[in-house]
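Remarks on the overall topology
Residue-level listing of the chains:
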Amino acid sequence: MVDYWTRPTLLENWDEGIDTIMAIDENGTPDLKYLKKLKVLSSWDFYAEKIKPNTKWFTASGVILERENFQNFKKNFMDLKHNFWENAEFQYKDDIRRIVFHSREIRNKIGPFDPRDIDNNQFLQELTQVIKKTPFSIYSSTINKYELVKRYHYPMGVYDLSLNFIVERYAMMLNNTGRTGLLFIEARGKKRTKKY
């Protein structure tokens with residue numbers, strides 16, 4: 001058995017009893033400590049205007065893919081990787097590994113997306129085409145952390161709150177359609193699994 005703390009779980013095969021999969025990821029930090037400190041200040045609204053967007057907002061999104069579309073999805077993304085990297089791999093710090101499409105690396109043009117290694121404009125055009133031809137649905141939850149802390153003395157953690165919302169919607173869709181589903185959630189580091 002592979003230790004998921006050292007290597008991500010690979011989705012190589014899809015059990016025939018499962019109709020859909022929802023892969024979940026987040027954007028922003030779930031931390032509320034900074035906002036809770038501001039709340040005790042008498043000038044709360046003055047400081048609220050100065051809160052940076054990446055501190056103020058947290059989003060969790062789930063992308064839903066149908067089993068019958070999985071093979072094409074997988075092939076299209078692997079073809080894209082092979083178009084830009086030999087064997088779809090990259091020399092990361094410690095070893096050679098398969099390319100992973102991390103949005104932060106793509107946006108910042110670092111790691112495998114360094115313009116010295118690939119044509120970023122061409123890559124983004126091809127990535128856009130692959131996404132356009134992939135049928136999928138998205139369930140997303142965005143929380144204004146400022147408003148949450150302002151309203152509740154003991155607010156629920158935003159990661160848990162967002163996850164509850166999108167999983168609830170996914171479960172409702174599965175129940176309403178009589179289908180089955182699987183959640184694919186990234187492992188959170190030990191530091192990030194603490195209470196916020």
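Coordinates for the structure precede this section.
Residues numbered from 1 in each chain as written. Predicted model: local features only at pLDDT ≥ 70, side-chain atom pairs only at ≥ 80, totals over all residues. Heavy atoms only, no water.

Some words on the overall build of the protein chain
Counted only if it meets this: Put simply, DSSP H or I for four residues or longer makes a helix, DSSP E for two residues or longer makes a strand, and each gets a number counted from the N terminus. Using a 1.4 Å probe on the protein chains alone, a residue whose accessible area is under 20% of its type maximum counts as buried, one over 50% counts as exposed, and one in between counts as partly exposed. In this analysis, two residues are considered to be in contact whenever any of their non-hydrogen atoms come within 4.5 Å of each other.
The number of helices and strands found in the protein chain is 8 helices and 6 strands. The order of helices and strands in the protein chain, counted from the N terminus, is β-α-α-α-β-α-β-β-α-α-β-α-α-β. Each of the 196 residues in the protein chain was classed as buried or not, and the buried ones make up 32%. Restricting to contacts in the protein chain with at least 6 residues of sequence separation, those with at least 24 account for 72%.

Structural notes on the nonpolar core
We count it as follows: Residues belong to a common nonpolar core when they are buried Ala, Val, Leu, Ile, Met, Phe, Trp, Tyr or Cys residues joined through side-chain atoms within 4.5 Å.
V158 and Y170 are the most contacted members of the largest nonpolar core, which has 16 residues in total. Elements represented by at least two residues in this core include exactly strand 1 (20-27), strand 2 (57-66), helix 7 (145-151) and helix 8 (158-177). For this core, the element with the most residues is helix 8, which contributes 7 residues.

A word on the environment of D117
By the element assignment, D117 lies in the loop between helix 5 (103-108) and helix 6 (120-132). We classify D117 as partly exposed; its relative accessible area is 48%. Taking the C-alpha atoms as reference points, D117 and F84, 33 residues apart in sequence, are found 8.7 Å from one another. Ignoring any residue separated from it by four or fewer positions in sequence, one finds D117 in contact with F90, G111 and P112.

Some words on the pattern of salt bridges
As a reminder of what qualifies: Any Lys or Arg side-chain nitrogen found within 4 Å of a carboxyl oxygen on Asp or Glu counts as a salt bridge.
For the structure on display, the rule yields 5 salt bridges. A salt bridge links E66 to R179; the nearest nitrogen and oxygen atoms lie 2.3 Å apart. One end of the pair, E66, is in strand 2; the other, R179, is in the loop between helix 8 and strand 6 (181-185), with 113 residues separating them in the sequence. Two residues, R97 and D95, come together in a salt bridge whose shortest N-O distance is 3.6 Å. Exposure remark for R97: the relative accessible area of 41% places this residue in the partly exposed category. Judged by its relative accessible area of 36%, D95 falls in the partly exposed class.

As far as function goes, none of this settles anything; it's purely spatial.
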